[in-house]
Every structure is written in C-alpha cells, then in structure tokens.
Amino acid sequence: MSMKILVLPGDGIGPEIMAEAVKVLELANDKFDLGAELSYDDLGGAAYDRYGSPLADETLERARQADAILLGAVGGPKWDAIDPALRPERGLLKIRSQLELFGNLRPAILYPQLAEASTLKPEVVSGLDILIVRELTGGIYFGQPRERKVLESGERFAFDTLPYSESEVRRIAKVGFDSARVRGKKLCSVDKANVLASSQLWREVVEEVGKDYPDVELSHMYVDNAAMQLVRAPKQFDVVVTDNLFGDILSDQASMLTGSIGMLPSASLDANNKGMYEPCHGSAPDIAGKGIANPLATILSVSMMLRYSFNQVEAADAIEQAVSLVLDQKLRTGDIMSEGCQLVGTAQMGDAVAAALKNL
Ligand SMILES: NC(=O)C1=CN([C@@H]2O[C@H](COP(=O)(O)OP(=O)(O)OC[C@H]3O[C@@H](n4cnc5c(N)ncnc54)[C@H](O)[C@@H]3O)[C@@H](O)[C@H]2O)C=CC1
Ligand SMILES: CC(C)CC(=O)C(=O)O
Ligand SMILES: [Mg+2]
C-alpha cells in the first residue's frame, strides 16, 4: 500500500511539534516497515511568505496526490494585518474544503496518568473517553455572503452566514452514528435548534438518519447546555456530533478535561477516509520558539493517521502505548505538569516517545 505523506509544519509552534511527530513516525516506519514516504511543503503564514498565498495551487495539488497529510498549525500575529482573504487560517479552511475533509474526529481521552492535570476532579473525569465529530467543511466558516462594510451612517457593519444543506448534515450524521455504533452506542447531536434555522434542519436530518441506526441511542442537546454539561458531568457523553463552529469550541473545551489542548489529536476525513491529521490546537504564538510546546497531540495525530488512512493498527496502537509509557515515566511538558513530575521540553518529550516506541 502506498503511504505518501505530505507534511505541512505551518507556523508558530507548528514546526517544533512537527519535528517530534516526524521523529516518531520515522521510527514507526522502520520498526513496522510501513514504507512511508514523506514530503514537505508550507501552509498558512509560512506559505503566504513563500508563495504569496496561504495555500498555493501547487501545494493543493501535492495534497491531492498524497495519501495523507500531516499538519502542525497555522496562524500568528505576524499575519494579523494582511488582507483577510489571505490570512493563514483561510489556507487551512481552503485545504479542508478543497479536499472535502468534512468529517473531523476529535477524541478527548483522559490518560489516567493525567487525572491531576484535568481541570475537573479526578472522580468526574476518570475513564473519560469522548469522541467529538465535528462537521468541517460547511457552516459559518464558509457561508456566503459574508461581508464587512461601512454603512451610510458611518457605522462599521459585518455579517457572516450559517448555511447547511441536507446532504451536508446527512453525511456528517452518518459519521456520528457509525462512530457510535462501534463505541458506546450513544450519540448526542448538539445544535441550537431553539433559534437557528440551520440547526432546525440539522436536528430534523439527524433524526431521519437515526432511523437507520436503531441500535444507537440518539439524544439532542442545545449547545449552551452541552458546554455546561461537558464540565458538569462529561462522562454522560460518548459520541457528540455537531456543526463546524460548535465543534470547534466544544473540542477546545473538552481538551481541558484531558489535561491540556496539547493532548488532543484529530483526523479530518473525506468520504473515502483520505485524511489530514493535526492537533486540535493552534500555532500558540505565546510559546512559539521556546521549545516548550507539548508535541503529544501531534504525535497522537500520527497514530490516528496510521489507523484511519492506512489501517496500520499495530503501529498506531504502539504509538499510543509509547505515549502512555512516557506519561508513566512522569515526564511532562509545562501544560500538563503536576507535582512530583519531571518538566521536559518539546524535543525531550519527542525523544522519550521515540525511545519508548523503539523499546516496545
Ligand atoms: N488548526 C490550526 O491551525 C489552528 C490555528 N489557530 C490559530 O493559531 C493562532 C493562535 O490561536 P489561539 O487562539 O492562541 O489558540 P492556540 O490553540 O494556538 O493557543 C491557545 C493556548 O493554548 C496553548 N497551547 C496550544 N497548543 C499547545 C501545546 N501544544 N502545548 C502547550 N500549550 C499549547 C497556547 O500556548 C495558548 O496559551 C491564531 O492565529 C489562530 O487563528 C487556532 C486554532 C487552530
Ligand atoms: C481556522 C480555525 C477554524 C481553526 C480551528 O480553530 C480549528 O480547526 O480548531
Ligand atoms: Mg479550534
């Protein structure tokens, strides 16, 4: 099986965390004889600086030719003042949409070693294992029209549009139900159907899709309540399916239940499980260049890539086991640090995971 992987380190801490993920991937490649071939390109601010566009046509073509894409993160204050259409984040949105990566899987799993780092009490989060299924190529981040203008009165005015079609909701709902079917058989669809027309359609279509999944218990929750329930009693959730904006916000929130946003990997999949894999966090400009970012979310994204795009279950499991072993060794980056543990930097953490993987 061909395993051509396009690596896009991106901006800020992106290159730092990616170096560690590639270290682990290369080790897995040798150990499990995966035949992975890596190539590199730029996305986001780095691409704007190099190509004048946050996603160059040639990069998009390379992404289309690749079997999977591994991404760090994009964005940063350096590009805050440029034409909004050329912002680094627009490159990320464009690659997701052009490759039709509509199914974003964001697992929030608490490693038991990190119970102390969670923002919630250990008894509330122990055994936490939630999968957030976020719709990734529709909704308010893409809706047209969107505009900023100055009204005749001189007042500044702006608006966005939140569109969803039946087929867009249907395909992500299926991802949610299929995921629930192989997990705890519980799916919670999160929307704002008490006020938003797009959410009313969302709820209706999710109900219809649910008829094909009588074995999955479906519930609905408004997003404001879901945000509250996530920090009140997060273990009531198994699989959560939601739209692009709500999923973006709820997954960052869920990350803190696992100790840190630096622990949350993700897979963004098309209809054939071709995917882009990236940590859920951003480019963290506040810590970029310091060598202190947590690389585990990106390393765990490598594991998701091997599992979802290449069915290399043994290698994927081994990477997760190596991460767990390193946490057993009480090595911690600052974001997951707790008493009695040893503080390490990004590269030390990557080295430790690679060493643990090698010795498995
Ligand atoms: N997928 C992507 O490429 C994303 C890009 N962004 C972009 O990233 C830039 C910064 O956005 P923020 O809102 O600050 O979100 P962020 O996720 O980059 O950072 C939020 C906070 O979490 C911390 N953090 C994030 N990742 C970490 C890691 N691996 N280890 C330790 N601490 C970590 C940061 O230091 C910061 O305090 C913006 O330009 C934003 O648009 C934001 C989210 C996702
Ligand atoms: C450009 C943003 C939508 C990226 C982001 O925050 C995310 O995908 O989590
Ligand atoms: Mg986000």
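Counting of residues starts from 1 at the beginning of each chain's written sequence and follows it residue by residue. Written order decides the labels, with chains lettered from A and ligands numbered from 1. Restriction of local features to residues with pLDDT of at least 70 applies here, the model being predicted, together with a cutoff of 80 or more for giving and counting side-chain atom pairs; totals for whole chains, interfaces and linings are based on all residues.

As recorded by an unreviewed UniProt entry, the protein carries the name 3-isopropylmalate dehydrogenase and is attributed to Halopseudomonas laoshanensis. UniProt positions are given in the numbering used here, feature names are shortened, and annotations may be inferred rather than shown by experiment. UniProt, in the comment section headed Pathway (unreviewed entry), describes the protein in these words: "Amino-acid biosynthesis; L-leucine biosynthesis; L-leucine from 3-methyl-2-oxobutanoate: step 3/4." We quote the UniProt Sequence similarities (unreviewed entry) comment for the protein here in full: "Belongs to the isocitrate and isopropylmalate dehydrogenases family. LeuB type 1 subfamily."

Trainee: How would you explain the pairing of strand 2 (residues 36-40) if you had to name every residue and give the values?
Mentor: Successive residues of a regular strand alternate their side chains across the two faces of the sheet. At least two DSSP bridges between two strands are required for those strands to pair. Runs of H or I in DSSP of at least four residues are treated as helices and runs of E of at least two as strands, each being numbered from the N terminus. Of the strand pairs in this sheet, strand 1 (residues 3-10) and strand 2 are connected by five bridges, and their pairing is parallel. Residue Lys-4 lies in a different strand from strand 2, and its bridge partner there is Glu-37. Crossover strand 1 to strand 2 through helix 1 (residues 14-32) is right-handed. With the strands aimed away from the viewer, a crossover counts as right-handed if its path from the first strand over the helix to the second runs clockwise.

Trainee: Give me the nonpolar core: which residues, what numbers.
Mentor: For this analysis, nonpolar core means a set of buried Ala, Val, Leu, Ile, Met, Phe, Trp, Tyr and Cys residues linked through C-beta atoms within 7 Å. Here a residue counts as buried when 20 or more other C-beta atoms sit within 10 Å of its C-beta, as exposed when there are 12 or fewer, and as partly exposed otherwise, the C-beta atoms being derived from the backbone. Counting 111 residues, the largest nonpolar core has Val-24, Val-240, Val-302, Ile-319, Val-353 and Leu-357 as the members making the most contacts within it. Here this core takes nine residues from helix 10 (residues 296-308), the largest share from any one element. An automatic or database domain assignment provides the domain bounds reported here. Residue assignment places this core across two domains, with domain 1 (1-102 + 286-360) and domain 2 (129-257) each supplying three or more. Note that contacts rest on C-beta atoms placed from the backbone: two residues are in contact if these are within 7 Å. Val-24 has contacts with Ile-299, Val-302, Ile-319, Gly-350, Val-353, Ala-354 and Leu-357, leaving out every residue within four places of it along the chain.

Trainee: Got a sec to walk through the environment of Asn-294? Specific residues and values, please.
Mentor: Assignment of secondary structure puts Asn-294 in the loop between strand 12 (275-279) and helix 10. Sequence-wise, Asn-294 and Glu-116 are 178 residues apart; in three dimensions their C-alpha atoms are separated by 17 Å. Non-local contacts of Asn-294, meaning those with residues more than four positions away in its chain, are made with Ser-260, Gly-262, Met-263, Thr-333, Asp-335, Ile-336 and Met-349.

Trainee: I'd like to hear about the domain arrangement of the protein, residue by residue, with values.
Mentor: Domain assignment breaks the protein into domain 1 (1-102 + 286-360) and domain 2 (129-257). For domain 1 and domain 2, the distance between their C-alpha centres works out to 26 Å. Of the residues lining the interface, six residues belong to domain 1; the matching set on domain 2 comes to seven residues. Looking at the side of domain 1 that touches domain 2 residue by residue, the classes come out as three nonpolar, one polar and two charged. Throughout, the ten residues Ala, Val, Leu, Ile, Met, Phe, Trp, Tyr, Cys and Pro are labelled nonpolar, Asp, Glu, Lys and Arg are labelled charged, and all others, Gly among them, are labelled polar.

Trainee: Any chance you could break down the sheet that holds strand 8 (residues 186-191) for me, citing the residues and the numbers?
Mentor: Strands sit in the order 2-1-3-12-11-4-5-10-8-9 across an open sheet of 10 strands; the sheet is mixed. Since the sheet does not close on itself, it has two edges, and those belong to strand 2 and strand 9 (217-222), each with one partner. Between one strand axis and the next, the sheet turns by 20 degrees as a mean value, whatever way the strands run. Two elements, strand 5 (residues 129-135) and strand 10 (residues 239-242), share four bridges in a ladder whose sense is parallel. Paired with Arg-134 across the two strands is Thr-242, which belongs to strand 10. Lying on the sheet, helix 7 (residues 197-210) is in contact with strand 8 and strand 9; it crosses strand 8 at an angle near 165 degrees. Working convention: axes come from line fits to C-alpha atoms, limited for helices to the stretch in contact. Angles between N-to-C directions cover 0 to 180 degrees. On top of the sheet, helix 9 (residues 244-257) reaches strand 4 (103-109), strand 5, strand 8 and strand 10; it is set at about 160 degrees to strand 5, its chief contact.

Trainee: Talk me through the UniProt feature "binding site: substrate" (unreviewed entry) in the protein; I want residue IDs and the actual numbers.
Mentor: With numbering matched to this structure, UniProt assigns "binding site: substrate" (unreviewed entry) to Arg-96, Arg-106, Arg-134 and Asp-224. For this annotated set, covering 129 residues, the C-alpha atoms extend up to 26.6 Å from each other, a dispersed arrangement in space. Note on placement: Arg-134 falls in strand 5. Ignoring anything within four residues of it in the chain, the contact list for Arg-134 reads Asn-104, Arg-106, Thr-242, Asn-244, Gly-247, Asp-248 and Ser-251. Take Asp-224: it is sitting in helix 8 (residues 223-232). Taking the number of C-beta atoms within 10 Å as the measure of exposure, Asp-224 has 12 and is therefore exposed.

Trainee: I'd like a rundown of the site of ligand 1, residues and numbers included.
Mentor: Throughout this description, a residue near a molecule or strand is one whose C-beta atom, derived from the backbone, lies within 6 Å of it. Around ligand 1, 22 residues are found, and the nearest of them are Gly-75, Gly-262, His-281, Gly-282 and Asn-294. Of the residues assigned to the shell around ligand 1, the class counts are 11 nonpolar, seven polar and four charged.

Trainee: An account of the site of ligand 2 is requested, with residue identities and associated values reported.
Mentor: Around ligand 2 sit Glu-89, Leu-92, Leu-93, Tyr-141, Asp-248 and Cys-280, and those are all the residues in its vicinity. Looking at the shell around ligand 2, the element that brings in the most residues is helix 4 (residues 88-98), giving three residues. Considered class by class, the residues forming the shell around ligand 2 number four nonpolar, no polar and two charged.

Trainee: Tell me about unusual backbone geometry, and please be specific about residues and values.
Mentor: The omega torsion of the bond from Gln-144 to Pro-145 falls at 0 degrees, within 30 degrees of zero and hence cis. Here Pro-145 is to be found in the loop between strand 5 and strand 6 (147-150). Of note, the phi angle at Ala-284 is positive, near 40 degrees, even though the residue is not glycine. Within the secondary structure, Ala-284 sits in the loop between strand 12 and helix 10.

Trainee: Please provide a residue-by-residue account of the pairing of strand 12, values included.
Mentor: Of all five residues in strand 12, five are buried, a share of seventy percent or more. Every second residue of strand 12 is oriented toward a common face, with Gly-275, Tyr-277 and Pro-279 on one face and Met-276 and Glu-278 on the other, all of them buried. Relative to strand 12, strand 3 (residues 68-73) runs parallel, the two being bridged by three bridges. Among the inter-strand pairings, Ile-69 is bridged to a residue of strand 12, identified as Met-276. Here five bridges tie strand 11 (residues 265-269) to strand 12, and the two strands are oriented antiparallel to one another. When the bridges of strand 12 are listed, Ala-267 appears paired with Tyr-277. Connecting strand 11 to the next strand, strand 12, in antiparallel fashion are five residues, including Asn-273 with a positive phi near 65 degrees.

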